[in-house]
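This is what each chain is made of:
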Amino acid sequence: MVLDRPGTPLKLADLPVPEPGAGQILVRVGACGVCRTDLHVVDGELTEPALPIVPGHEVVGHVVGVGADVQRFRIGERVGIPWLGWTCGVCRYCRSERENLCDTPKFTGYQINGGYAEYALADARYCFPIEGDYSDAEAAPLMCAGLIGYRSLEMAGEAERLGIYGFGAAAHIVAQVARHRGQQVYAFTRPGDEQAQVFARDLGAVWVGGADQRPPDPLDAAIIFAPVGALVPAALAAVGKGGVVVAGGIHMSDIPSFPYSILWGERVVRSVANLTRSDAEEFLALAPQVPVRTEVHTFPLEQANEALACLREGRLRGAAVLLPG
Ligand SMILES: [Zn+2]
Ligand SMILES: [Zn+2]
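Rules used in this analysis
- Residues numbered from 1 in each chain as written.
- Chains lettered and ligands numbered in written order.
- Predicted model: local features only at pLDDT ≥ 70, side-chain atom pairs only at ≥ 80, totals over all residues.
- Heavy atoms only, no water.
- Donors = N, O, S within 2.8 Å, 3.2 Å for Na, K, Ca; no water.
- Helix = DSSP H or I, 4+ residues; strand = E, 2+ residues; numbered from the N terminus.
- Buried < 20%, exposed > 50% of the residue type's maximum accessible area, 1.4 Å probe, protein only.
- Contact = heavy atoms within 4.5 Å.
- Axes fitted to C-alpha atoms, helices over the stretch in contact; angles between N-to-C directions.
- Parallel < 35°, antiparallel > 145°, perpendicular 65-115°, else oblique.
- Nonpolar A, V, L, I, M, F, W, Y, C, P; charged D, E, K, R; others polar.
- Polar contact = N/O pair within 3.5 Å; in protein donor to acceptor, adjacent residues only side chain to side chain.
- Pairing = 2+ DSSP bridges.
- Arc of directions from axis to C-beta.

Novice: Lay out the coordination of the zinc ion (ligand 1) with the relevant residues and their values.
Specialist: By definition of the ideal shapes, a tetrahedral metal site with four donors has angles of 109.5 degrees and an octahedral site with six donors has angles of 90 or 180 degrees. Around the zinc ion (ligand 1), the protein contributes the donor atoms Cys 88 (SG), Cys 91 (SG), Cys 94 (SG) and Cys 102 (SG), at 2.3 to 2.4 Å from the metal centre. Each donor residue of the zinc ion (ligand 1) belongs to the same chain, and together they define the spacing C-x2-C-x2-C-x7-C. Here Cys 102 lies in the loop between β4 (84–86) and β5 (106–107) and Cys 88 lies in the loop between β4 and β5, a separation of 14 residues in the sequence. Assessed through its relative accessible area of 7%, Cys 102 is described here as buried.

Rendered as structure tokens:
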């Protein structure tokens, strides 16, 4: 499924199966998750896609070809391909263990063809073995909703009371990890979104409400997954002194101005950008221990546009996943 131009639907296309070059693996895609970032690419809110592009950066499949110099994987192994597809290795960020901030990165499904396809090529250094008894479809959301969610959770610190704004794919994974760590989850959904509120309760949230509501207790931290800038002052008002507000998405509508008093008291606002390979190693080892259970809604690959529409309209419980073939 190919994006020719932002703002237009993806088109089903028949492309040649690529050959792995040096350092690359060819993966037969078993499943590919649909992430909100894909929507931002398709809608043109992210402005640097290498067009035409095959979207998709939550790719799980089996290695069917290895290029020269690949020691890391063998044919037949199950792997995951995440958003971070390539980094320069020499910029000041790469050299200080912050490759997520690389000056000249390439991202899967954005500058490198991704997993909305039957086959995907990837730089083996950025791929990960996928273990555990997850099906391909269940494992797919771990690759971004899980990884970026985990990084966001780490940035939120050791919050006893953790707010989560936007209860979709990332939140449903983060809530499970947070509970595993003994944190209390306060879930904020779109006002009146009964389905999301039931979902959050099922995942053990101690309090569930609309994003326009104040929690009964001040929070220690809040993670915002919904792409809504107005949630930044809302979350700041919900955290107590020293509280941290983490914006976990790659794009957000403008943040309205707010009084300094809601930032005062050493409250912190920060974003989380991309992932490092060590985030992936940590999270993929942790997920089966929790164990994180993903709730997925599968679509055939050729219904990628429908899956994106469901995500845009908030009609999904859990994560959308595309299945080729
Ligand atoms: Zn770099
Ligand atoms: Zn993503």
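That covers the picture; the talk isn't over yet.
Novice: Break down the environment of Ala 124 for me, with residues and values.
Specialist: By the element assignment, Ala 124 lies in the loop between β6 (119–123) and β7 (128–129). Spatially, the C-alpha atom of Ala 124 lies 9.5 Å from that of Ala 22, the residues being 102 residues apart in sequence. For Ala 124, the contacting residues outside a window of four places in its chain are Gly 23, Gln 24, Ile 25, Val 70, Arg 72 and Phe 73.

Novice: How would you explain the packing of helix α3 (residues 145–155) against helix α7 (residues 277–286) if you had to name every residue and give the values?
Specialist: Packed helices, taken two at a time, are described by the angle their axes make and the gap between the axes. Look at α3 against α7: their axes get within 9 Å of each other, and the N-to-C directions meet at 100°. Our classification of the angle between α3 and α7 gives roughly perpendicular. Of α7, the residues touching α3 (which contributes Gly 146, Leu 147, Tyr 150, Arg 151 and Glu 154) are Asp 279, Ala 280, Glu 282, Phe 283 and Leu 286. Of the residues belonging to the contact of α3 with α7, the class tally is 5 nonpolar, 1 polar and 4 charged.

Novice: Talk me through the coordination of the zinc ion (ligand 2); I want residue IDs and the actual numbers.
Specialist: Taken together, the protein ligands of the zinc ion (ligand 2) are Cys 35 (SG), His 57 (NE2) and Cys 144 (SG), with distances of 2.0 to 2.2 Å. Counting along the primary sequence, the residues that act as donors to the zinc ion (ligand 2) give the motif C-x21-H-x86-C. Of this pair, Cys 35 sits in the loop between β1 (24–34) and α1 (36–42) while Cys 144 sits in the loop between α2 (136–139) and α3, and the two are 109 residues apart along the sequence. Given the relative accessible area of 12%, Cys 35 is considered buried. Judged by relative accessible area, which is 6%, Cys 144 ranks as buried.

Novice: Summarise the environment of Val 42; cite the residues concerned and give the values.
Specialist: Here Val 42 shows up in helix α1. Along the backbone, Val 42 and Leu 10 are 32 residues apart, and their C-alpha atoms lie at a distance of 8.0 Å. If we skip the residues at most four places from it in the chain, Val 42 touches Leu 3, Pro 6, Gly 7, Thr 8, Leu 10 and Leu 308.

Novice: Please give an account of the environment of Arg 315 that cites residues and values.
Specialist: Here Arg 315 is to be found in the loop between α8 (304–312) and β15 (319–323). Take Arg 315: its relative accessible area is 48%, and that puts it in the partly exposed class. Here the alpha-carbon distance between Arg 315 and Asp 193, two residues 122 residues apart in the chain, equals 9.9 Å. In this view, Arg 315 contacts Gln 195, Ala 309 and Cys 310; residues no more than four positions away in its chain are not counted. At 2.6 Å, the side chain of Arg 315 forms a polar contact with the side chain of Glu 313.

Novice: Could you give an account of the sheet that holds strand β13 (residues 268–271), naming the residues involved and the relevant values?
Specialist: The pairing of strands in a sheet happens through backbone hydrogen bonds and is either parallel or antiparallel. With parallel pairing, 6 strands are arranged side by side in an open sheet as β10-β9-β8-β11-β12-β13. Looking at strand neighbours, the two that pair on one side only are β10 (207–210) and β13, the edges of this open sheet. Averaged over neighbouring strand pairs, the angle between their axes works out to 20° when direction is ignored. Relative to strand β12 (residues 239–247), strand β11 (residues 219–224) is paired through 5 bridges, and the arrangement is parallel.

Novice: For helix α5 (residues 194–202), give the residues involved together with the corresponding values.
Specialist: Among all positions in α5, only Ala 196, Gln 197, Phe 199 and Ala 200 are buried. The buried residues of α5 occupy an angular sector of 160° when the element is viewed end-on, so they sit on one face. Two residues or fewer after α5 comes Gly 204, characterised by a positive phi angle close to 95°.

Novice: Account for the pairing of β6, naming residues and giving values.
Specialist: Each regular strand displays side chains that alternate between the two surfaces of the sheet. Along β6, 4 of the 5 residues are buried, which leaves the element largely enclosed by surrounding structure. Bridge count for β1 against β6 is 5 bridges, and the pairing is antiparallel. The residue of β6 that forms the bridge with Arg 28 is Tyr 119.

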